[in-house]
Amino acid sequence: MLRLCCILLLLLLACDAGEDQDDFENQAFSEPDGFTRTNASGEIQSEDDDDWRISPAYFGRVVIDPAFPNPVPSGETVSIPVRVRLSNSIQGGLEITAHDMNGIPRRMDSIPNARDPGSYVLRFLPRSLGVTGLVRVFIVDTQGGLVSYGDILLNE
């Protein structure tokens, strides 16, 4: 009987975790709204609570610091620091994607060895997207699982 109760409890927790992940993904694919303002060295000047949260599926396994600089001056490279906390906690590696001017998702950078614990940095030139204004970027694992998202302001 105790074993059956434990199994039911685990199933209920798994359902809640799945619902939490679905809610997180629905929020991620909404329109960009606000951004975390950072300077060229990554210091946070003002914070958007919706940016750079970790998905329930990856909570506790990875830490994402805000993109910098943000807003992004024309022609500048954006950096996003990533810390992987546990060995083999990332499915394959990590990638950052954003939609270009035609709405097509583009991979901007990747960390193929992100399954190993340590500090990494995703870097990309947003001008290659051909867009300006507020843009949502997504950090995903190589299986397409959403890890985090945030908004960057691209200046002309």
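Our structure's up above, just so we're on the same page.
Each value, and the rule that gives it
Residues numbered from 1 in each chain as written. Predicted model: local features only at pLDDT ≥ 70, side-chain atom pairs only at ≥ 80, totals over all residues. Heavy atoms only, no water. Helix = DSSP H or I, 4+ residues; strand = E, 2+ residues; numbered from the N terminus. Contact = heavy atoms within 4.5 Å. Areas by Shrake-Rupley, 256 points an atom, 1.4 Å probe, with all protein chains shown as cover. Salt bridge = Lys/Arg side-chain N within 4 Å of Asp/Glu carboxyl O. Buried < 20%, exposed > 50% of the residue type's maximum accessible area, 1.4 Å probe, protein only. Pairing = 2+ DSSP bridges. Axes fitted to C-alpha atoms, helices over the stretch in contact; angles between N-to-C directions. Phe/Tyr/Trp six-rings, centres within 6.5 Å; stacked < 30°, edge-to-face > 60°.

**Q** Any details on the overall build of the chain? Residues and values, ideally.
**A** For the chain, the helix and strand inventory stands at 1 helix and 9 strands. Moving toward the C terminus, one meets the helices and strands of the chain in the order α-β-β-β-β-β-β-β-β-β. Of the contacts made within the chain by residues no fewer than 6 positions apart, 59% connect residues no fewer than 24 positions apart. With an accessible surface of roughly 8,700 Å², the chain has 51% of that area assigned to carbon and sulfur atoms.

**Q** Outline the pattern of salt bridges, listing residues and values.
**A** Taken as a whole and judged by the stated rule, the model has 6 salt bridges. Between Asp50 and Arg136 there is a salt bridge, with its nearest N and O atoms 3.6 Å apart. In this pair, Asp50 is assigned in the loop between strand S2 (44-46) and strand S3 (62-64) and Arg136 in strand S8 (residues 133-141), connecting sequence segments 86 residues apart. Taking the shortest distance from any N to any O, the salt bridge between Asp100 and Arg106 comes out at 2.7 Å.

**Q** Help me get a handle on the side chain of Ser89, residues and values and all.
**A** Relative to the assigned elements, Ser89 resides in the loop between strand S4 (78-84) and strand S5 (94-99). Using a relative accessible area of 5% as the deciding quantity, one classes Ser89 as buried.

**Q** Quick rundown of the sheet that holds S8? Include the residues and the values.
**A** The antiparallel open sheet is built from 4 strands, whose spatial order is S6-S5-S8-S9. Taken across any chain shown, the strands that pair with only one partner, and hence form the sheet edges, are strand S6 (105-111) and strand S9 (146-154). On average, each strand axis in the sheet is tilted by 25° relative to the strand beside it, whichever way the strands run. Here 6 bridges tie S5 to S6, and the two strands are oriented antiparallel to one another. Bridging across to S6, Ala98 finds its partner in Arg106.

**Q** Pulling in residues and values, what's your account of the packing of aromatic side chains?
**A** A full pass over the atoms with the stated rule returns 2 aromatic pairs. Aromatic pair Phe29 and Phe138: ring centres 4.9 Å apart, planes at 20°, arrangement stacked. One end of the pair, Phe29, is in the loop between helix H1 (2-28) and strand S1 (37-38); the other, Phe138, is in strand S8, and 109 residues separate them in sequence. In this structure Phe29 comes out as exposed when scored by relative accessible area, which is 56%.

**Q** I'd love a proper account of the sheet that holds S3, names of residues and values included.
**A** Spatial ordering of the open sheet is given by S3-S4-S7, a layout of 3 strands whose pairing is antiparallel. The outermost strands of the open sheet, each flanked by one partner alone, are S3 and strand S7 (118-124). Looking at each pair of strands side by side, their axes are set apart by 20° on average, direction ignored. Two elements, S4 and S7, share 7 bridges in a ladder whose sense is antiparallel. Across the sheet, Pro81 pairs through a bridge with Val121, a residue of S7.

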